[in-house]
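# Secondary and tertiary structure notes
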Amino acid sequence: MDNDIDALKADVAELNQSWFDRKDLQITLLRLKLNIDACRRYLIGFKTDILTTLFNS
């Protein structure tokens, strides 16, 4: 009986850890997406500045 309880505790601990690992991965992926979006906005703004400069010349 004690072995079953210990095994169950170990399974629960493993599930909790994998849940936290997935949350960490989700947060990392969200940060990466935000960084990509920021870079994209910067490049679009840069392209717009270049086109504005060319057309106003």
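The paragraphs below set out a description of the structure included in this document. Here the structure is a predicted model, which means the values were calculated and not measured. (Residues numbered from 1 in each chain as written. Predicted model: local features only at pLDDT ≥ 70, side-chain atom pairs only at ≥ 80, totals over all residues. Heavy atoms only, no water.)

## Observations concerning the overall build of the chain
The test is simple: Secondary structure elements follow DSSP: runs of H or I no shorter than four residues count as helices, runs of E no shorter than two count as strands, and numbering proceeds from the N terminus. In this description the radius of gyration comes from C-alpha coordinates, and the expected globular size is given by 2.2 Å times residues to the power 0.38. To sort residues, take the accessible area from a 1.4 Å probe on protein chains only and compare it with the maximum for the residue type: under 20% means buried, over 50% means exposed, and anything in between is partly exposed. For accessible areas, the Shrake-Rupley method is used with a probe of radius 1.4 Å. Any residue's cover is judged against the shown protein chains and nothing else.
Helix and strand counts for the chain stand at one helix and zero strands. Against the globule reference of 10 Å for 57 residues, the chain gives a C-alpha radius of gyration of 25 Å, more extended than a compact globule. Viewed in the frame of its principal axes, the chain has a C-alpha envelope of about 85 × 5 × 5 Å. In the chain, buried positions account for 2% of the 57 residues. Per element, the accessible surface of the chain, about 5,500 Å² overall, is 64% carbon and sulfur.

## Observations regarding the pattern of salt bridges
Selection criterion: The term salt bridge refers to a side-chain nitrogen of Lys or Arg lying within 4 Å of a carboxyl oxygen of Asp or Glu.
Inspection of the entire model under this criterion finds two salt bridges. In this structure, R40 engages D37 in a salt bridge whose closest nitrogen and oxygen atoms are separated by 3.2 Å. Separated by three residues within a single helix, R40 and D37 lie in helix 1 (residues 2–56), roughly one turn from each other. For D37, a relative accessible area of 16% translates into the label buried. Through salt bridges with shared partners, one network takes in K33, D37 and R40.

Read these as geometric descriptors, not functional statements.
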